[in-house]
Structure formats: C-alpha cells, structure tokens
Amino acid sequence: MEVGKHDASPVSLSAWIEAARPRTLPLSLSSIVLGSCLAAADGECRISVVILAAATTLLLQILSNFANDYGDFVNGKDAVGRVGPRRMMQSGIIMPRSMVKALTVLVCLTLATGTALILVGLSGSARADMVVYFLLGVCAIVAALKYTVGRNPYGYRGFGDLFVFVFFGLVGTVGTYYLHTHHFRYEVVLPAASIGLLSVGVLNINNLRDEKSDRLAKKRTLVIILGSRRARLYHVGLVAAALALGLVYTILNLHTWYQFVFVLPVPILLKNASAVLRNTNPVDLTSELKRLSLATLLFAFAFGLGAIA
C-alpha cells in the first residue's frame, strides 16, 4: 500500500488513545487479577509479578487493538457505516506508516516487559520453565497481530473465540498463578476457563453488533458461521458455563462461605445474557459489551477476594 504525503503528519495523543480503545483494557486485566488472588490465597503473591504481568497484558491488548485497526484497513474489511467504534486508519487520522511504527514499538515494549516478568517471576526456576514462558509470550504477540494482519488472518475464519479463550483465560490466569507460586494446581483451570468464557462473550457481542458490516466485508466470524440466533444462544451458554465452572471450583475448595462472594456480579451477567438474547438493534449491544467487560473484571476481583478470605 502506498503511503500518502500526509503520512508524516503528527498524530495527536487523543487519536492514539482512541486507537488503543481504553474501554477494552479492564477486561484484559481480569486474568491477572484472578491469577494473582488465587496465588495469594495459597500464600504466594508478589507485587513485582502483578505489576509486570499487568503491564505486559495491557501492552498486548493495545497491540491487538492497533493491529486490528491496521489489519481491517489494509485488507479492506472496514465497511462504511459500521456500528462499532471509529477506526483511526479508516478515518484517515492515522496513516499506515505511522501505525506500522507504533506496532513495532509495541512489540518491542511487550517483549521487554514480558522478558522482565519471566526473569522476575521465574527466578530460581528451571531454565525449561523460562523457555516455555518465552515461547508462550511470542505466541501471544503473534496471535495479537495475526487476528487481522497478514495472509489468512484467523479472525476472518472464525477462530477468534478460541484464541481469546486460550490467551485471555487459560494462559493469562494459570500463567500468572504459576509465576507467583512456581507450581500448578489443576483446579485453577476452572476459574481460568470462567474468565476465558466471559472474555469470549465480549468478543461475541462485538461480532453480533458488527454482523451486518462483517457480512458485507466477507469476515467469517463465529457469529457469521453460526447465524445470529444461534450466536445469541451461544452467548447465553458462555455466561452460564462460566458461572458453573466458578461454582464447581468453589465447592471443591470450600473452606468459608465468603468464597461465594463471587455471586455479586451474577445479576449483571444474567441481565447481560438476557439483553443479548432478546436484542434486535445492534447499536444497543455496545452498552452490553461494556457491561460484560466490567462485570468480568468484577467477577475476577470478587472470586479472587473470596478465595483469599
């Protein structure tokens, strides 16, 4: 793609902040919060790991958002009249060369904080553990980029849900727990899966909202593959399964009734599932997307604090 003469024009800070999509960032912290709280419940939690894990996760989310803006633009998938938030490249505010530079900087920063996290979190551990974590980190960066960038992006083939579940749920939560404790507990996979399923729910709402423009752009999200009706039922299933897995973990590890504090966000989650199921106006799904994002973070805090109690 050719770069226009305005490509060197300075871009305002507000434009970069908008491109980073700040409202998506709290969701990305959910797995770090939950993994750290579960580790604290086992008597192992280090603030240095929390800070570095949070920084790396936020950078990965911003990298993913920038890459999504870039990939959809260069692949011609940003349809005019799309319902979602304004895209900086489609709007002509950020030019391709500037976005590529920003992506390069973000990859470097993510590698830096991720490497620091591995060195601090796995200090004294076997070298093999560090290698595994470094490979996982590289895979996470590649996944953030390949969602819409390059040939045959997996986001256009219905695999976005799977990658969100793995990286935002399992890897984020279990990985953080292991960095604190240096051991693995299979039960942690249950609440980790809960966060993963709720994160997939956020993506599903996004894809339901954008269904019309995605069809026009020939983006095969899971919503396109399933159809709108089944995708709404799928959403209800995601929320129900997330709550069920959290309940199973709590029962298996019950030592105080305070652990059931995780039910506090349940009314919000049920309201979200009901609203998505009955929705007929895609524009209204934007508020439900925000609701589920915040409810997922609240679930992580409530579940984690209940485990510590």
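Residues numbered from 1 in each chain as written. Predicted model: local features only at pLDDT ≥ 70, side-chain atom pairs only at ≥ 80, totals over all residues. Heavy atoms only, no water.

### Observations regarding the side chain of Asp214
Using the following cut-off: Strands here mean DSSP runs of E at least two residues long; helices mean DSSP runs of H or I at least four residues long; both are numbered from the N terminus. Burial status follows relative accessibility: with a 1.4 Å probe on protein chains alone, a residue under 20% of its type maximum counts as buried, one over 50% as exposed, and anything between as partly exposed. We call two residues in contact when some of their heavy atoms are within 4.5 Å.
Take Asp214: it is sitting in helix H8 (residues 211-216). Looking at Asp214, the relative accessible area reads 5%, which means it is buried. Excluding residues that lie within four positions of it along the chain, Asp214 makes contacts with Asn207, Lys219, Thr221 and Ile224.

### Looking at the packing of aromatic side chains
Working definition: an aromatic ring pair is given by the centre-to-centre distance plus the angle between the planes. Rule in force here: Only centres within 6.5 Å qualify two rings of Phe, Tyr or Trp (six-membered ring in Trp) as a pair; their planes then separate them into stacked at under 30 degrees, edge-to-face at over 60, and tilted for everything else.
Using the criterion set out here, one finds 11 aromatic pairs in the structure. Ring geometry for Phe262 versus Phe299: centroids 6.0 Å apart, planes at 80 degrees, classification edge-to-face. You can see Phe262 sitting in the loop between helix H10 (228-252) and helix H11 (266-278) and its partner Phe299 sitting in helix H12 (residues 285-308), a full 37 residues away along the chain. Neither residue differs from the other here; Phe262 and Phe299 are each classed as buried. Through pairs of rings, three or more aromatic residues link up here, namely Tyr249, Trp257, Phe260, Phe262, Phe299 and Phe303.

### Things to note about the confidence of the model for the protein
How we decide: pLDDT measures how confident the predictor is about each residue, on a scale from 0 to 100.
The predicted model of the protein averages 91 in pLDDT, with 94% of residues at 70 or higher. Considering only residues more than four positions removed or in separate chains, one finds that residues 1-6, a stretch of pLDDT under 50, has five contacts.

### Notes on a nonpolar patch on the surface
For clarity, the threshold we go by: Here, patches come from residues exposed beyond 30% relative accessible area and free of salt bridges, joined within 9 Å for like charges and within 5 Å for nonpolar side chains (Val, Leu, Ile, Met, Phe, Trp, Tyr). For the accessible areas, the method is Shrake-Rupley and the probe is 1.4 Å, while residue cover comes only from the protein chains on display. Whenever a carboxyl oxygen of Asp or Glu lies within 4 Å of a side-chain nitrogen of Lys or Arg, that contact is scored as a salt bridge.
A contiguous nonpolar surface patch, about 470 Å² in accessible area, is contributed by Leu111, Val131, Phe134, Leu135, Val138 and Val142. Sort the elements by how many residues they give to the nonpolar patch and helix H5 (residues 127-146) lands first, with five residues. Within the element layout of this structure, Val142 appears in helix H5.

### Describing the pattern of salt bridges
Going through the model one piece at a time under the given rule, you end up with seven salt bridges. One salt bridge connects Arg185 with Glu187, and the closest N-O pair in it is separated by 3.6 Å. You can call Arg185 buried: its relative accessible area is 17%. Salt bridges sharing common partners tie together Asp42, Arg185 and Glu187.

### A few points about the layout of surface pockets
Put simply, the test is: The way it works is a 1 Å grid over only the protein atoms, where trapped points that fit a 1.4 Å probe form a cavity and open points with protein on both sides within 12 Å along at least five of seven lines form a pocket, and then any residue with an atom within 4 Å of a point lines it. Grid points are joined across faces, edges and corners, and a volume is the space filled by probe spheres set on the points. Three residue categories are used. Nonpolar comprises Ala, Val, Leu, Ile, Met, Phe, Trp, Tyr, Cys and Pro, charged comprises Asp, Glu, Lys and Arg, and polar comprises the others, including Gly.
In this model, the second largest pocket occupies a volume close to 160 Å³. If you go around the second largest pocket, the residues you meet are Asp129, Val132, Tyr133, Leu136, Val171, Val174, Gly175, Tyr178 and Phe184. At the level of secondary structure, the elements contributing two or more residues to the lining of the second largest pocket comprise H5 and helix H6 (160-181). Looking at the lining of the second largest pocket residue by residue, the classes come out as seven nonpolar, one polar and one charged.

### A closer look at empty space enclosed by the protein
The final tally for this structure, using the stated rule, is one cavity of 30 Å³ or more. In this structure, the largest cavity is lined by Tyr249, Thr250, Gln259, Phe303, Gly306 and Ala307. Contributions of two or more residues to the lining of the largest cavity are made by H10 and H12. The biggest single contributor to the lining of the largest cavity is H12, with three residues. Looking at the lining of the largest cavity residue by residue, the class counts come to three nonpolar, three polar and no charged.

### Structural notes on helix H4 (residues 96-121)
Here is the rule: The span expected for a helix works out to 1.5 Å for each residue beyond the first.
Taking 1.5 Å per residue as the helical rise, H4 with its 26 residues ought to reach 38 Å, and the 36 Å between its terminal C-alpha atoms agrees with that figure. Of all the residues in H4, the buried ones are Pro96, Ser98, Met99, Ala102, Leu103, Leu106, Thr110, Thr113, Gly114, Leu117, Ile118 and Gly121.

### Describing the nonpolar core
To be explicit about the condition: Only buried residues count toward a nonpolar core. Its members are Ala, Val, Leu, Ile, Met, Phe, Trp, Tyr and Cys residues joined through side-chain atoms within 4.5 Å.
Within the largest apolar cluster, 44 residues are counted, with the highest numbers of intra-cluster contacts made by Leu38, Leu198, Leu269, Phe299 and Phe303. If you list the elements that add at least two residues to this core, you get helix H2 (25-41), H6, helix H7 (189-209), H10, H11 and H12. In terms of residue count, the dominant contributor to this core is H7 (10 residues). Residues contacting Phe299, with those up to four places away along its chain left out, are Ser194, Ile195, Leu198, Ala242, Leu243, Phe262, Pro265 and Leu269. Of all hydrophobic cores here, the second largest spans 22 residues; its members include Leu60, Tyr70, Met89 and Met99.

### Observations regarding the environment of Val263
Looking at where Val263 falls in the secondary structure, it is placed in the loop between H10 and H11. Sequence separation of Val263 and Ala54 is 209 residues, and the distance between their C-alpha atoms is 25 Å.

### Overview of unusual backbone geometry
A positive phi angle, close to 50 degrees, is found at Asn152, a residue other than glycine. Topologically, Asn152 is positioned in the loop between H5 and H6. Here His182, not a glycine, exhibits a phi torsion of approximately 60 degrees, which is positive. Tracing the backbone through its elements, the reader meets His182 in the loop between H6 and H7. Taking the relative accessible area as the measure of exposure, His182 reaches 30% and is therefore partly exposed.

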